[in-house]
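# Per-entry structural report
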Amino acid sequence: MNHMRKVVALLLVFTVLLGFSWGILAEEASGTTQDTTVQTTTDPNKVASTEQYTEEEYQEVVASVNSVAEGTLPEIKANAVMLVEPVTGTVIYEKNADAKVYPASTTKIMTLILALEAINDGKFSMEDEVTTSAYAASIEGSSALLAEGEVHTLHDLLAAMAVGSANDAAMVVAEYIGGSEEGFIKMMNDKAAELGMTGTHYMNPHGLHDDNHYTTARDMMTLSLYAIDVPQLLDFTSMKEFEFRPDPHKMLLYNTNKLLFWYEGTDGLKTGTTSPAGRCLLSTVVRDDLRLVGVVMGGTERNSHYSESMKLMNYGFSQYTMAEILTPEKELTAAGIAKGREETVNLMVTEAVRLPSSKTEDPGYTVEYEVDPDLEAPIEKGEKAGEAVVSLNGEELARVDLVTAQAVEKQTFWQAIVRFFQNLF
């Protein structure tokens, strides 16, 4: 009898494990496999996934990255790639940038942009409580395990989407911001057109595969460059973890972007993985005030979206630096001053202007001084006397105040007489 009970118990365990494994296999077979959301939960009705990335994998990635000699242009193993310095818009590296690719969960950057812009415009609030629809709860792939009727703040749903790559959270956000999934998809495609993303078409807010849901590496770079300037966006994409549900049904989400853990200075942006799309990563890294933005679409090897992004970044940082274009307290130009003991006054800036510059080529910056033509003594040291403007190819990149480098007292009576006759004759 005891023997029979053991057999029955083993069969039950085997059935549960088989059902769980079959679900994963079916999802991979359908081409919907996405970034796994790393979660823990004490709710027996929720399925907790396990940590995807191990120390062994990290060392594997580092070994691949370190195999490229410093300063060497790497051969990037991905379908389409771009690396850009965003201040000047310099394209440091590109490969198949206009080829059609699938975005997978990098789609969620567009979803995050539209939601944050609606919030920043005052149409919605981070504290809005949003209810999960039955449709949103049914969305496949990576998820926050939302149930129909479950309520969360808009802030927490954005975090679940940005950190855990939750498809269900993305749909809840889309239905709330757009009024419906269709309304939000129209917003996505309208925004893509506004940004000039001519090779992109959206069919959903999360990135599950659809043949008509496509993009290019160049368009993903356009989106990424726009995204880094959207207020609060990098606050979400730089979160390493987020507690989506507190006790007693705790769910802790870990960011699917392992560059946050593996590569110093990373603060975004988003991973994406489906079988048709391959392994994708939109990344941005800041070191010594120099920001670089990378796009890797269609990596084919395990963790290749990380290794190839790190190779790109290493190359970019080996080629570019932040150069001091204007140095504070250094006399830069002079301005005429009326009724002063001196007829000119030297001008300087009080803050440095540092801009990205190639380590091997002249960056080509031009500096122009816009000086106040009506300066008149007496004038104190440090008074504003105009502005210094730094441009590249006609585009203004920086503007700072020009101030007087010394005080100038009012001219004496005899100076005024002498200058009168000098001007007269």
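Not measured: the values here are computed from a predicted model.

### A few points about the overall build of the chain
The number of helices and strands found in the chain is 12 helices and 16 strands. The 425 residues of the chain split such that 48% are buried. Contacts spanning at least 24 positions in sequence make up 66% of the contacts within the chain whose residues lie at least 6 apart.

### Here's the deal with the sheet that holds strand E2 (residues 90-95)
The five strands lie next to each other as E2-E1-E9-E8-E7, forming an open sheet whose pairing is antiparallel. Each having just a single partner strand, E2 and strand E7 (266-274) make up the two edges of the open sheet. When strand polarity is set aside, the average angle formed by the axes of neighbouring strands in this sheet is 5°. Note that strand E8 (residues 278-287) and strand E9 (residues 290-299) share eight bridges and pair antiparallel. Within the sheet, the bridge partner assigned to Ser283 lies in E9 and is Gly294.

### Here's the deal with the environment of Arg341
With respect to the secondary-structure elements, Arg341 resides in the loop between strand E11 (333-336) and strand E12 (344-348). Expressed as a C-alpha distance, the spacing of Arg341 and Glu409, which sit 68 residues apart in the sequence, is 5.8 Å. Engagement of the side chain of Arg341 in a polar contact is seen with the backbone oxygen of Lys410, the distance being 3.4 Å.

### Here's the deal with the sheet that holds E12
One open sheet holds the five strands; their spatial order is E11-E12-E16-E15-E14, and the pairing between them is antiparallel. The outermost strands of the open sheet, each flanked by one partner alone, are E11 and strand E14 (366-371). Sheet twist, expressed as the average angle between the axes of neighbouring strands with direction ignored, equals 35°. For E14 and strand E15 (residues 384-392), the ladder comprises six bridges, and the chain directions are antiparallel.

### Quick word on the side chain of Asp156
Within the element layout of this structure, Asp156 appears in helix H5 (residues 154-164). There is no salt bridge for the buried Asp156, and the closest opposite charge comes from Arg245, which lies 9.6 Å off by N-O distance.

### Description of empty space enclosed by the protein
A full pass over the atoms with the stated rule returns one cavity of 30 Å³ or more. Estimated volume of the largest cavity: approximately 30 Å³. As for the largest cavity, its lining consists of Lys108, Ile109, Leu112, Met161, Ala162, Thr237, Leu269 and Lys270. Secondary structure elements with two or more residues in the lining of the largest cavity: helix H3 (108-120), H5 and E7. With three residues, H3 is the single largest residue contributor to the lining of the largest cavity. Within the lining of the largest cavity, the residues separate by chemical class into five nonpolar, one polar and two charged.

### Brief notes about the packing of aromatic side chains
By the definition in use, this model includes three aromatic pairs. Taking 5.4 Å as the distance between ring centres and 50° as the angle between the ring planes, the aromatic pair formed by Tyr58 and Trp262 counts as tilted. On the criterion of sequence distance, the pair formed by Tyr58 in helix H2 (residues 55-66) and Trp262 in helix H10 (residues 259-262) is long-range, its members being 204 residues apart. With a relative accessible area of 25%, Tyr58 lands in the partly exposed category. Accessibility expressed as a relative area gives 14% for Trp262, which makes it buried. An angle of 55° between the planes, with centres 5.1 Å apart, marks the rings of Phe124 and Tyr176 as tilted. Residue Phe124 is found in the loop between H3 and strand E3 (129-131), and its partner Tyr176 is found in helix H6 (residues 167-178); the two are separated by 52 residues along the sequence. The ring centre of Tyr214 lies 4.7 Å from the NZ or CZ of Lys100, which sits over that ring. The ring of Tyr263 has Arg287 sitting right over it, with the charged end atom 4.2 Å from the ring centre.

### Observations regarding the packing of H6 against helix H7 (residues 181-194)
A packed helix pair is summarised by two numbers, namely the angle formed by the two axes and the spacing between the axes. Their axes nearest at 7 Å, the elements H6 and H7 cross at an angle of 85°. As judged from the angle between their axes, H6 and H7 are roughly perpendicular. Of the residues in H7, those touching H6 at Met171, Ala174, Glu175, Ile177 and Gly178 are Glu181, Gly183, Phe184 and Met187. Residues of the contact of H6 with H7, tallied by class, amount to five nonpolar, two polar and two charged.

### Notes on the confidence of the model for the chain
Per-residue pLDDT for the chain averages 87, and the proportion of residues at 70 or more is 84%. Overall, residues 1-33 carries pLDDT values under 50, and its contacts beyond four positions in sequence, including any with other chains, amount to 17 contacts. Counting interchain partners and residues more than four positions distant, the pLDDT-below-50 stretch residues 36-51 has 42 contacts.

### Here's the deal with the pattern of salt bridges
Overall, the coordinates contain 20 salt bridges when judged by the stated rule. Residue Glu60 pairs with Arg302 through a salt bridge whose shortest N-O separation is 2.7 Å. Separated by 242 residues along the polypeptide, Glu60 in helix H2 and Arg302 in the loop between E9 and helix H11 (304-319) bring together distant segments of the chain. Notably, a salt bridge pairs Glu387 with Lys384, separated by 3.6 Å at the nearest N-O pair.

### What about the environment of Gly196?
Locating Gly196 in the fold gives a position in the loop between H7 and helix H8 (217-227). For the pair Gly196 and Asp219, spaced 23 residues apart in sequence, the C-alpha to C-alpha distance is 7.9 Å.

What counts, and where the lines are drawn
- Residues numbered from 1 in each chain as written.
- Predicted model: local features only at pLDDT ≥ 70, side-chain atom pairs only at ≥ 80, totals over all residues.
- Heavy atoms only, no water.
- Helix = DSSP H or I, 4+ residues; strand = E, 2+ residues; numbered from the N terminus.
- Buried < 20%, exposed > 50% of the residue type's maximum accessible area, 1.4 Å probe, protein only.
- Contact = heavy atoms within 4.5 Å.
- Pairing = 2+ DSSP bridges.
- Axes fitted to C-alpha atoms, helices over the stretch in contact; angles between N-to-C directions.
- Polar contact = N/O pair within 3.5 Å; in protein donor to acceptor, adjacent residues only side chain to side chain.
- Lys, Arg positive; Asp, Glu negative; His and termini not counted.
- Salt bridge = Lys/Arg side-chain N within 4 Å of Asp/Glu carboxyl O.
- 1 Å grid on protein atoms, 1.4 Å probe; cavity = no way out; pocket = protein on both sides within 12 Å on 5 of 7 lines; lining within 4 Å.
- Points joined across faces, edges and corners; volume = space filled by probe spheres on them.
- Nonpolar A, V, L, I, M, F, W, Y, C, P; charged D, E, K, R; others polar.
- Phe/Tyr/Trp six-rings, centres within 6.5 Å; stacked < 30°, edge-to-face > 60°.
- Lys NZ or Arg CZ within 6 Å of the ring centre and 35° of its normal.
- Parallel < 35°, antiparallel > 145°, perpendicular 65-115°, else oblique.
- pLDDT = per-residue confidence, 0-100.

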